[in-house]
Amino acid sequence: MKVTPLEIPEILLIEPKVFGDERGFFLESFNQKVFSEALGKEYSFVQDNHSRSAKGVLRGLHYQIQKPQGKLTRVVQGSVYDVAVDLRKNSPTFGGWVGVELSEKNQRQLWVPPGFAHGFIVLSESADFLYKTTEYYAPEHERAIRWDDPTLAIDWPAALTPILSQKDLKASYFKDAEVFDECN
Ligand SMILES: Cc1cn([C@H]2C[C@H](O)[C@@H](COP(=O)(O)OP(=O)(O)O[C@H]3O[C@H](C)C(=O)[C@H](O)[C@H]3O)O2)c(=O)[nH]c1=O
């Protein structure tokens, strides 16, 4: 497994070793020991999620202000542009964002620690997005920031007009959003 810190170093790009042969391929999509050693910290996951979306669907930018979730994301069919935004107000990268393409083809994963908003847009005709979370879903604590917030200025793939949920159509601007005093 190759682990690469991104421009916001707490966010990690994870590339599992893929064993290909004449039958197809095998990979370990998660290994607690390897993951903990790579992070130098113990996180346990309590929930696995799976969403399927059509091309252009944008889910996000979401976070839980209480019980913040760390997320380990991957795509098993299709491709998405996956984005994380730093909401830790004392962070040197507060308000910064990173984006990577995750796909069935590149088998990449993204570790997004607690303290970040997360969202993705689907690039392929359809995408199956799977992710593990370190805290349970707590809708009462869920918050959303606009995908097109002018302060964040996320450089989403230009060719797509996002398809949004009603919730995301009513998301907050970053300047009005609740953020994290600290997150470990
Ligand atoms: C997230 C979640 C949702 N739900 C139910 C609630 C709704 O009835 C339905 C769809 O929920 P929602 O529209 O919030 O799903 P997404 O827009 O994919 O939300 C996710 O989008 C971005 C990408 C994230 O990072 C978050 O994990 C999460 O907020 O699933 C559950 O029962 N459990 C859950 O953990």
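Residues numbered from 1 in each chain as written. Predicted model: local features only at pLDDT ≥ 70, side-chain atom pairs only at ≥ 80, totals over all residues. Heavy atoms only, no water.

A. The arrangement of the pairing of strand β11 (residues 116-122) in detail. Within β11, seven of the seven residues are buried, which leaves the element mostly enclosed by the surrounding structure. Both faces of β11 are covered, namely the face carrying Phe-116, His-118, Phe-120 and Val-122 and the face carrying Ala-117, Gly-119 and Ile-121. Of the pairings in the sheet, the one linking strand β6 (residues 58-64) to β11 comprises three bridges and is antiparallel in character. By the bridge assignment for β11, Leu-58 is matched with Ile-121. (Buried < 20%, exposed > 50% of the residue type's maximum accessible area, 1.4 Å probe, protein only. Helix = DSSP H or I, 4+ residues; strand = E, 2+ residues; numbered from the N terminus. Pairing = 2+ DSSP bridges.)

B. Main features of the site of the ligand. Close to the ligand lie Gln-47, Asn-49, Arg-59, His-62, Lys-71, His-118, Phe-120, Tyr-131, Tyr-137, Glu-142 and Lys-167, which account for all nearby residues. At 2.7 Å from an oxygen atom of the ligand is found a side-chain nitrogen or oxygen belonging to His-62. Side-chain polar atom of His-118 to an oxygen atom of the ligand: 2.7 Å apart, as the coordinates give it. Its residues assigned to classes, the shell around the ligand comprises three nonpolar, four polar and four charged. (Near = heavy atom within 4 Å. Polar contact = N/O pair within 3.5 Å; in protein donor to acceptor, adjacent residues only side chain to side chain. Nonpolar A, V, L, I, M, F, W, Y, C, P; charged D, E, K, R; others polar.)

C. Local environment of unusual backbone geometry. In this model, Gly-60 is joined to Leu-61 through a cis peptide bond whose omega is 0 degrees. Inspection of the secondary structure assignment puts Leu-61 in strand β6. At Lys-67, a position not held by glycine, the phi torsion is positive, near 50 degrees. Relative to the assigned elements, Lys-67 resides in the loop between β6 and β7 (71-77). Classification of Lys-67 as partly exposed rests on a relative accessible area of 44%. For Gln-107, which is not a glycine, the phi torsion comes out positive at approximately 55 degrees. Locating Gln-107 in the fold gives a position in the loop between β9 (97-103) and β10 (109-112). Owing to a relative accessible area of 12%, Gln-107 belongs among the buried residues under this scheme.

D. Inspection of the sheet that holds β6 at higher detail. Strand order in this open sheet of five strands is β9-β8-β11-β6-β13, and the pairing throughout is antiparallel. Each having just a single partner strand, β9 and β13 (142-144) make up the two edges of the open sheet. Sheet twist, expressed as the average angle between the axes of neighbouring strands with direction ignored, equals 25 degrees. Both β6 and β13 contribute to a ladder of three bridges, which runs antiparallel. Among the inter-strand pairings, Gln-64 is bridged to a residue of β13, identified as Glu-142. (Axes fitted to C-alpha atoms, helices over the stretch in contact; angles between N-to-C directions.)

E. A look at the side chain of Ser-51. Within the secondary structure, Ser-51 is located in strand β5 (residues 47-54). Judged by its relative accessible area of 12%, Ser-51 is buried. In contact with Ser-51, other than residues within four places in its own chain, are Arg-59, Phe-120, Ala-127, Asp-128 and Phe-129. (Contact = heavy atoms within 4.5 Å.)

Purely geometric numbers; function is a separate question.
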